[in-house]
Structures are given as C-alpha cells and as structure tokens.
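Observations on chain architecture
Okay, here's what each chain looks like letter by letter:
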Amino acid sequence: MTIDWNHFTPWASLVGGILLGLASAAFILVNGRILGISGIVGGLLRPKAGDAGWRIAFVLGMLVAPLLYMRVAGPVVATIDASWGAVVLAGLLVGVGTRYGSGCTSGHGVCGLSRLSPRSLAATLSFMGAGFAIVFVIRHLIA
Amino acid sequence: MQHRVTEFFVGLLFGLGLIVAGMTDPSKVLGFLDLAGHWDPSLAFVMGGAILVGLGAFAVAKKRTTNFLGGALHLPTSTDIDKRLIAGGLLFGAGWGIAGFCPGPAIVSLGAGQPKAAVFVVAMLAGMALFEILERMQARRTAGAQ
C-alpha cells in the first residue's frame, strides 16, 4: 500500500463529514428519524398513507444540492470509470443489498455507528469488507 | 408544511456535505476502497467528521422520548446481527465497490446531471423493488406452509 497524496483531501472531507453529521443530528432531533438514504428512498416504493411527503421533500433537497453547489462553488466533479453494464449491475446489488441489510453508508455507517449500535457496526464491517474485496479483485486480479 | 421545509433543507445540507466530502466522485470512493493500490484515506475523515457530530446528537436523542418539536422519535429497536444483515451488507458493499456509488451520492450526482448516475439510480430502484417482490413471495410461501 502507498498513500495517494495527490488525491488526499483531509480538510474538505472532514468539513463534508461534519456537514453530514449536522444533517443527521438535525434529522433525529428535529424530525425524529434516522437519516438513512436507502430507507428513505426505499420507503417511496410502497408508501404508507401520509408517509411519502417527508421522503420526497428530503430527496428534492438532495437533488437541489448540486445545483446550488455549482452556482456558488463550481462544477461537481465525478469520474465514473465503470462501464454501463457494470453501473447497472452495481445499482441492482446496491438496491437489493441495502434493503436486505436494512441500511447503507448513511443509516448504518454514520447514524448507526454514532449511536454505538453493534448491529450497525456489523453491517458497516460487512459492506466495507465487501467493498475492499471487490475493488481488490477488479483492480489487482482482473485488470 | 413547516416539516416539509425542514426535511428539504436537511436533504440539501446532506447533499452539500456529500459533495464537499468528495463522496459524489466515484473515483475518490474507489481510491479509498483500493487498500492494495494508491490508497486515498480521505473517506475515513468523512466518517470521522460525521460520527464526531453524530455521537453528541444521538447521546441527546437516546435520553429523550420525543424530538425537539414534540413529535415521535423513531430510534431503531432491532439489535439482531443475523444472516440478512450480513448478506445484505456484503451485496451492497460489492455494488459499492463495482461503481463507487452508494445511494446518497448517486442521487446527488443524478441532480448534477450525470447520465451514469441516473442509470445507477434506476437500477438501484429496480433492485429495491425486486427485494420487495421477493419478500412478498417469501411471506406468501411462509403463510401457505402454515
């Protein structure tokens, strides 16, 4: 392993992380809910009566974020190397996996670890471990 | 309506956090997941910063029975570490490692007009729908067996 100093952004990532923490804090303390994206979005597929409005409002906020950012700070850089087929497969796996495992990086990773949940720690270790493993296979065994 | 405005702004704040953190750039996420290559530790700082704030917030939340507006406080009650949790995590992590997108950043990148992010989000919704269908089939089979 070598450290990729050219792309290392400790301060921006720390500030971004604090913003994610503030959003999660506001969501539990003001709205009384766990800020978990897969749960918020997944709940829209078969919404119970009166349960869709807050989910839609939240997702709209997320969709507006890049538009605001682009006006103020410049383009949102995204380098996507995966092929179209890989993107489809990845999306399917993320969709099934997050629902089956009851959460993703936000719900288990940020909120779950923040509330010191052993269940969320197990989930986070699972998806991090699988992420490390699949990138190793793709970048160092196949490529 | 007042609540919808809060939810919108929390979503906005969360989206901005993801962009500032670098989470919306799949190559940066994969740089973190590539332990054996040129490793970019930045994402550890994202998690660190978020949890630093979250620890305080959830410590407060755990001592309360209602949220600050007097409404319900939905803290998870499940503590099971079962097959579903681990298998789901492994499937999700595999998808995350293939494309470098997890659900939040994919939705924000969709807002930024990234066509591949749009395709990812559609596939993710299809995966979620597939899960719902499989769950319902499973429930029916269990009910039928009794």
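How each quantity is defined
Residues numbered from 1 in each chain as written. Chains lettered and ligands numbered in written order. Predicted model: local features only at pLDDT ≥ 70, side-chain atom pairs only at ≥ 80, totals over all residues. Heavy atoms only, no water. Helix = DSSP H or I, 4+ residues; strand = E, 2+ residues; numbered from the N terminus. Buried < 20%, exposed > 50% of the residue type's maximum accessible area, 1.4 Å probe, protein only. Contact = heavy atoms within 4.5 Å. Buried area = accessible area lost by both parts, 1.4 Å probe. Salt bridge = Lys/Arg side-chain N within 4 Å of Asp/Glu carboxyl O. Nonpolar A, V, L, I, M, F, W, Y, C, P; charged D, E, K, R; others polar. Pairing = 2+ DSSP bridges. Patch = residues over 30% accessible without salt bridge, like charges linked within 9 Å, V, L, I, M, F, W, Y side chains within 5 Å. Areas by Shrake-Rupley, 256 points an atom, 1.4 Å probe, with all protein chains shown as cover. Polar contact = N/O pair within 3.5 Å; in protein donor to acceptor, adjacent residues only side chain to side chain. UniProt positions renumbered as here; feature names shortened; annotations may be inferred.

Moving on, we get to unusual backbone geometry. Residue and element names in this part refer to chain A. At S102, a position not held by glycine, the phi torsion is positive, near 60 degrees. With respect to the helices and strands, the residue S102 is situated in the loop between α4 (84-100) and α5 (105-114). Residue classification places S102 among the partly exposed residues on the basis of a relative accessible area of 47%. Phi at L116 is positive, roughly 55 degrees, even though this residue is not glycine. On the secondary structure map, L116 appears in the loop between α5 and α6 (118-142).

Contact residues are listed per partner, giving 107 residues for chain A and 102 residues for chain B. Among the residues chain A hides against chain B, the three largest losses belong to L29(A), Y100(A) and R119(A). Together they make up 8% of the total. On inspection of chain A and its partner chain B, the count reaches 4 salt bridges. In this structure, R33(A) and E7(B) form a salt bridge, with 3.5 Å as the shortest nitrogen-oxygen distance. Listed by contribution, the elements that provide at least two residues to the side of chain A that touches chain B are β1 (2-3), α1 (10-31), α2 (37-42), α3 (53-72), α4, α5 and α6 of chain A. Sort the elements by how many residues they give to the side of chain A that touches chain B and α1(A) lands first, with 21 residues. Split into classes, the residues belonging to the side of chain A that touches chain B amount to 69 nonpolar, 31 polar and 7 charged. Sheet topology places β1(A) next to strand β1 (residues 38-39) of chain B; 2 bridges connect them, and they run parallel.

Right, let's talk about a nonpolar patch on the surface for a bit. All names here are of chain A. Taken together, V64, L67, L68, M70 and V72 make up a surface patch of nonpolar side chains, about 410 Å² in accessible area. By the secondary structure assignment, V64 is in helix α3. The exposure class of V64 is partly exposed, given its relative accessible area of 30%.

With that settled, the discussion passes to the side chain of S120(A). Residues and elements named next belong to chain A. In this structure, S120 sits in helix α6. Of the polar contacts made by the side chain of S120, one reaches the side chain of H108; its length is 2.8 Å. Not counting the four nearest positions on each side in its chain, S120 is found in contact with G107, H108, G112, L113 and R115.

Here we take up the UniProt feature "transmembrane region" (unreviewed entry) in chain B. According to UniProt, the feature "transmembrane region" (unreviewed entry) maps to residues 41-61, 85-111 and 117-134 of chain B in the numbering used here. The distance separating the terminal C-alpha atoms of residues 117-134 of chain B is 25 Å; by composition the span is 100% helix and 0% strand.

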